[in-house]
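So you can see what is in the structure, the chains are spelled out below.
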Amino acid sequence: MSTIRGRSLLSLSDLTRDDLVEVLDAAESFVEVHRRTVKKVPALRGRVVASLFYEESTRTRLSFETAAKRLSADVLSLAVASSSVKKGESLRDTIATIEALGIDAVVLRHRASGAAEQVARYVPDVRVINAGDGQHQHPTQGLLDAFTVRQVLAERQGARGSETGSALFAGLHVLIVGDIRHSRVARSDIDAYAALGAEIRVVAPPTLLPPGIETWPVQIVDRLDDTLEWADIVSLLRLQHERGTGRFVPSLAEFTTTFGLTVERLARVRPEALIMHPGPINRGVELDAAVADAPAAVITRQVANGVPIRMAVLFLTIAGNREDES
Ligand code: CP
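These remarks concern the structure in this document. All values derive from a computational prediction rather than experimental measurement. (Residues numbered from 1 in each chain as written. Predicted model: local features only at pLDDT ≥ 70, side-chain atom pairs only at ≥ 80, totals over all residues. Heavy atoms only, no water.)

## Some points on the nonpolar core
One broad trend across soluble globular proteins is that nonpolar side chains are buried collectively. Residues Ile-176, Ile-180, Tyr-193, Leu-261, Ile-275 and Leu-314 are the most contacted members of the largest nonpolar core, which totals 95 residues. Element by element, the count of residues in this core is highest for helix 11 (residues 299-319), at 10 residues. There are two domains that each give this core at least three residues, and those are domain 1 (12-134 + 305-324) and domain 2 (139-303). Sequence-distant contacts of Leu-261, that is, excluding residues within four places in its chain, are made with Leu-228, Val-234, Leu-236, Leu-266, Val-269, Ile-275, Glu-286, Leu-287, Asp-288 and Val-291. Ranked by size, the runner-up nonpolar core spans 19 residues in total, among them Val-48, Ala-116, Val-126 and Val-128. (Core = buried A, V, L, I, M, F, W, Y, C linked by side-chain atoms within 4.5 Å. Buried < 20%, exposed > 50% of the residue type's maximum accessible area, 1.4 Å probe, protein only. Helix = DSSP H or I, 4+ residues; strand = E, 2+ residues; numbered from the N terminus. Domains from an automatic or database assignment. Contact = heavy atoms within 4.5 Å.)

Here is the structure:
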């Protein structure tokens, strides 16, 4: 049984390879909508999606709200900074208030790991979609990253991604670089790539590796310079100042010297490799500005793919259970 249709999406850790491929294939069909003059389908007409971002966001918030509107859903967007949250209203009471207005789904970003699971317990009849919770998970980022990889690799073969299923991930070398410790993107990316069959290496200062990483489906590499030639995908992570990353490295300059993707290091990466970053980028820290704009970088495509992936997630979680349609 599918673990996404008609259910909340809190994490990628419990999704199977088939579940992931189902989302990627659905997203591919929604890419077609983007190419139309009228970029809208009636799939979620009459449904209501609440957008609750307790933590800053540009890409995720805009693409979720765009996705919901393209599916013809109504969007309730709470401006947390000017809401009763500022008067001390609890997460539980805010969610209860929004539920009382009649919603089908809530898209939640929160600084606390586990907040999405907590909300799913508060409102069991509402689909909860985790848009990033603390250091825990960012499921739609993991999905859009996998979607982008499959899309580019399939295009090189003159194929559609959906014709390839998960085959293009088999044995693919994915290198994840940087602040693994604080990164929900790393956790979701690793869940997705591992389930799809990729080989994963991580490289970071020891202080930016999380406790327990030995149990993750990754190989830990000490030096970026030792593994650049191995990678088909180089996925860079943002240094997260808001989660205190600065306390874990001696200086940003030292991090960049050892772990930054500089122009010199890019020259040693395989010519066909893809450079990825979830954004927002710290130009000159995780990567040189020129690397962010290099042909190998698919960072803008990752952002663009946020819309079809989030359309797919909203559609499958809200309307994916055919019995719900009566
Ligand atoms: N990648 C990502 O989550 O970006 P935002 O914080 O801008 O949403």
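## Side note on the site of the ligand
Near the ligand the following residues occur: Ser-57, Thr-58, Arg-59, Thr-60, Arg-109, His-138, Gln-141, Pro-278 and Gly-279. Ser-57 places a side-chain nitrogen or oxygen 2.6 Å from an oxygen atom of the ligand. Taking Thr-60, its side chain carries an N or O atom lying 2.6 Å from an oxygen atom of the ligand. Two domains each donate at least three residues to the shell around the ligand, and these are domain 1 (12-134 + 305-324) and domain 2 (139-303). (Near = heavy atom within 4 Å. Polar contact = N/O pair within 3.5 Å; in protein donor to acceptor, adjacent residues only side chain to side chain.)

## Let's talk about the sheet that holds strand 4 (residues 127-133)
With parallel pairing, the four strands of this open sheet are ordered in space as 2-1-3-4. Because the sheet does not close on itself, it has two edges, and the strands there are strand 2 (74-78) and strand 4. Each adjacent strand pair in this sheet contributes to an overall mean axis angle of 15°, direction not counted. The pairing of strand 1 (residues 48-53) with strand 3 (residues 105-110) spans five bridges and is parallel. The residue bridging Leu-52 from the neighbouring strand is Leu-108, located in strand 3. Seen against the sheet, helix 2 (residues 59-70) touches strand 1, strand 2, strand 3 and strand 4 and runs at an angle of roughly 155° to strand 2. (Pairing = 2+ DSSP bridges. Axes fitted to C-alpha atoms, helices over the stretch in contact; angles between N-to-C directions.)

## As for the pairing of strand 4
Within strand 4, seven of the seven residues are buried, leaving the element largely enclosed by the surrounding structure. Bridge analysis of strand 3 against strand 4 gives five bridges, and the strand direction is parallel. Each residue of the ladder has a partner; that of His-110, found in strand 4, is Asp-133. Taken together, strand 3, helix 4 (residues 115-122) and strand 4 constitute a β-α-β crossover, and its handedness is right-handed. (Right-handed = clockwise from strand over helix to strand, strands pointing away.)

## Some points on helix 5 (residues 139-156)
Taking 1.5 Å of rise per residue, 18 residues should cover 26 Å, and helix 5 covers 26 Å from first to last C-alpha, within 8% of that figure. Counting buried positions along helix 5 gives 16 out of 18 residues, so the element sits mostly inside the fold. With its phi angle positive at about 70°, Gly-158 sits one or two positions after the end of helix 5. (Expected span 1.5 Å × (residues − 1).)

Geometric values such as these leave the question of function open.
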